[in-house]
Amino acid sequence: MATKHEQILQYIDELPVGEKISVRQIAKALSVSEGTAYRAIKEAENKGYVSTIERVGTIRIERKKKENIEKLTYAEVVNIVDGQVLGGRTGLHKTLNKFVIGAMELDAMMRYTGAGNLLIIGNRTNAHELALKAGAAVLITGGFDTDEDVKRIADELQLPIISTSYDTFTVATMINRAIYDQLIKKEIVLVEDILTPIEDTTVLRTTDTVEDWFTYNRQTTHSRFPVVDHNGKVYGMVTSKDVMGRDPHTSIEKIMTKNPMTVGGKTSVASSSHMMVWEGIELLPVVDDANKLIGIISRQDVLKALQMIQRQPQVGETLDDIVTNQFTVMKGKGKGDDVYQCEVTPQMTNYLGTISYGVFTTIVSEAANRILKSYKKGDLVVENMTIYFLKPVQIDSTLDIFPKVLEVGRKFGKVDVEVFNEGILVGKAMMMCQLIDRS
């Protein structure tokens, strides 16, 4: 049976998009405490199908599909720009497809403004009205208000009219930044994107026997199965190794591996691959917050996903991308003799104008990654890093990075990295890396 928390989440999920939600209303409707209702609303907000706006309240918004993640709802825009909703709040759940900056003549502006747009403009009341009638929401910059007639039109058409104290340029930058951050998130493949769902997963119960394992093995040709109790909670894992030589009537509960490693749906695929390689696991149960089985991922699924990520074009640029884009290679004489150069740009410095510790960490990790790839194909995860010497490096300096492979095995690599600026040693690091073979 579902817990109260799960029941509330299901109740919220089934509410119509645009519906207003309150802690008190949910507590009353489902006969739960206000504390329990509050926790569930917060989780729904984290999962992206509820949005809380100051002076408006909490509303049910559209749950985003991964491919639609770069589209924002008007509710999210209000939060991004610290806005105040002047009218049309019943339309806050709607998604905008593009924003238009109103810095031109009225006729020209209206040619660019259509349904599903967001017009960003100052205190031009006639433009506010025309945009709403064209099916667009309006974001008024500079903290200005609008006419009561315009607010009434916004309410009738269910199109939000929002006011923010920021100027047009700042607002456009803030919205762009939010879309950009979501594009970076879109690239990070999560376990929930690749799992085999529970309805397609073969599971064994704690009450099953070795004979049942052989039946499932013949039906599916799989040799590893998660074991769940009567509530569907993951209890163990059973493999061919566990059943070999056992009496057919032996209970699965007696021979399974108890408390197996599990992952959540929001775990990244990269993190799961790390766990699987390090622990030598072929199959991982995927569980929800209550440890109930929601599906499985296999090592094969993870490797396929990693290969797919590598083939995808970059969309959003993370800080790591900014740093590694500065890398140039100075070819060495032999294998593993490459030297790298990297320029310290303003984005890579701290408030003192010297290279930040995080950027230095990225530089030595990237150098180790590249040098180990000349020995072995695949990915690596830094298991341990010691930076044992670091001097301040000024902005606009050019760094020479000398990685040296000390040892490389089938599943690990040990690299020492020395960093010079104008011939002077400015940093040293030692890294132990775990190699993830993609073959």
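Described below are features of the structure shown in this document.

Cut-offs used in this document
- Residues numbered from 1 in each chain as written.
- Predicted model: local features only at pLDDT ≥ 70, side-chain atom pairs only at ≥ 80, totals over all residues.
- Heavy atoms only, no water.
- Phe/Tyr/Trp six-rings, centres within 6.5 Å; stacked < 30°, edge-to-face > 60°.
- Helix = DSSP H or I, 4+ residues; strand = E, 2+ residues; numbered from the N terminus.
- Buried < 20%, exposed > 50% of the residue type's maximum accessible area, 1.4 Å probe, protein only.
- Salt bridge = Lys/Arg side-chain N within 4 Å of Asp/Glu carboxyl O.
- Contact = heavy atoms within 4.5 Å.
- Core = buried A, V, L, I, M, F, W, Y, C linked by side-chain atoms within 4.5 Å.
- Pairing = 2+ DSSP bridges.
- Axes fitted to C-alpha atoms, helices over the stretch in contact; angles between N-to-C directions.
- Arc of directions from axis to C-beta.
- Left-handed = near helix turned anticlockwise from the far one by under 90°.

1. So, the packing of aromatic side chains
This structure, assessed with the given rule, holds five aromatic pairs. Measuring from centroid to centroid gives 6.4 Å for Trp213 and Phe225, while their planes differ by 80 degrees, and the two rings are edge-to-face. One end of the pair, Trp213, is in helix H10 (residues 210-220); the other, Phe225, is in strand E11 (residues 225-228), with twelve residues separating them in the sequence. Under the relative-accessibility criterion, Phe225 is labelled buried at 1%. Aromatic side chains Phe327 and Tyr340 sit 5.8 Å apart centroid to centroid with 45 degrees between the ring planes, which places their arrangement in the tilted category. With Phe327 in the loop between helix H15 (319-324) and strand E17 (328-330) and Tyr340 in strand E18 (residues 339-343), this residue pair connects regions lying 13 residues apart in the sequence. The exposure classification of Phe327 matches that of Tyr340, with both residues buried. The structure contains a cluster of three or more aromatic residues connected by ring pairs, namely Trp213, Phe214, Tyr216 and Phe225.

2. What to know about the pattern of salt bridges
The full count for this structure, using the stated rule, is eleven salt bridges. Lys133 is paired through a salt bridge with Glu129; the nearest N and O atoms lie 2.8 Å apart. Of this pair, Lys133 and Glu129 both sit in helix H6 (residues 125-133), four residues apart, which is roughly one turn of that helix. For Arg370, the salt bridge is made with Glu366, and the minimal N-O distance between the two is 2.7 Å.

3. Observations concerning the side chain of Ser298
Relative to the elements of secondary structure, Ser298 occurs in strand E16 (residues 293-298). In this view, Ser298 contacts Met276, Glu282 and Leu283; residues no more than four positions away in its chain are not counted.

4. Section: the nonpolar core
As a rule of thumb, soluble globular proteins bury nonpolar side chains together. Counting residues in each nonpolar core, the largest one holds 29 residues, and the members touching the most others are Ile363, Leu372, Leu399, Ile401, Val417 and Val419. Those elements that provide at least two residues to this core are E18, helix H16 (357-373), strand E19 (379-390), strand E20 (398-408), strand E21 (412-421) and strand E22 (424-436). Of the residues forming this core, the biggest block, eight residues, is contributed by H16. When residues no more than four places from it in sequence are discounted, the contact partners of Val417 are Val364, Ala367, Ile401, Phe402, Pro403, Gly427, Lys428, Ala429 and Met431. Counting residues in each nonpolar core, the second largest holds 21 residues, with Ile53, Leu96, Leu139 and Ala178 among its members.

5. What to know about the sheet that holds strand E15 (residues 283-287)
Hydrogen bonding along the main chain pairs the strands of a sheet, whether they run parallel or antiparallel. Pairing in this open sheet of four strands is mixed, and the strands run E9-E16-E15-E14 from one edge to the other. Each end of this open sheet is capped by a strand with a single partner; those strands are strand E9 (196-197) and strand E14 (263-264). Relative to E16, E15 is paired through five bridges, and the arrangement is antiparallel. Paired with Leu283 across the strands is Ser298, a residue of E16. The strands touched by helix H13 (residues 269-279) within the sheet are E14, E15 and E16, with E15 carrying the most contacts at an inclination of about 135 degrees.

6. Description of helix H1 (residues 4-14)
The α-helix winds at 3.6 residues per turn, so residues separated by three or four positions along the chain end up facing the same way. For H1, the full list of buried residues reads Ile8, Leu9 and Ile12. The arc that holds the buried residues of H1, viewed along the axis, is 100 degrees, so those residues lie on one side.

7. Quick word on the environment of Gln158
Topologically, Gln158 is positioned in the loop between helix H7 (148-157) and strand E8 (161-163). Judged by relative accessible area, Gln158 falls into the partly exposed class, the value being 37%. As for Gln158 and Ala137, which are separated by 21 residues in sequence, their C-alpha atoms are 9.0 Å apart. Among all residues touching Gln158, those that are not within four sequence positions of it are Gly88, Thr90, Gly91 and Lys94.

8. Here we look at the packing of helix H2 (residues 23-30) against helix H3 (residues 34-46)
Running from N to C, H2 and H3 cross one another at 115 degrees; their axes reach a closest spacing of 8 Å. Pair H2 / H3 crosses with right-handed handedness. Counting all contacts with H2, which are made through Val23, Arg24, Ile26 and Ala27, the residues of H3 involved are Glu34, Ala37, Tyr38 and Ile41.

9. Some remarks on the sheet that holds strand E5 (residues 98-101)
One open sheet holds the five strands; their spatial order is E4-E8-E7-E6-E5, and the pairing between them is mixed. In the strand order of this sheet, the two ends are held by strand E4 (84-87) and E5, each with one partner. Direction aside, the axes of adjacent strands within the sheet are offset by 25 degrees on average.

10. Here we look at the environment of Ile297
Relative to the helices and strands, Ile297 is located in strand E16. We classify Ile297 as buried; its relative accessible area is 0%. C-alpha of Ile297 to C-alpha of Val286: the two residues are eleven residues apart in sequence and 7.1 Å apart in space. Apart from residues lying up to four places away in sequence, Ile297 is in contact with Val191, Ile194, Leu195, Val263, Ser272, Met276, Glu282, Leu283, Leu284, Val286 and Val302.

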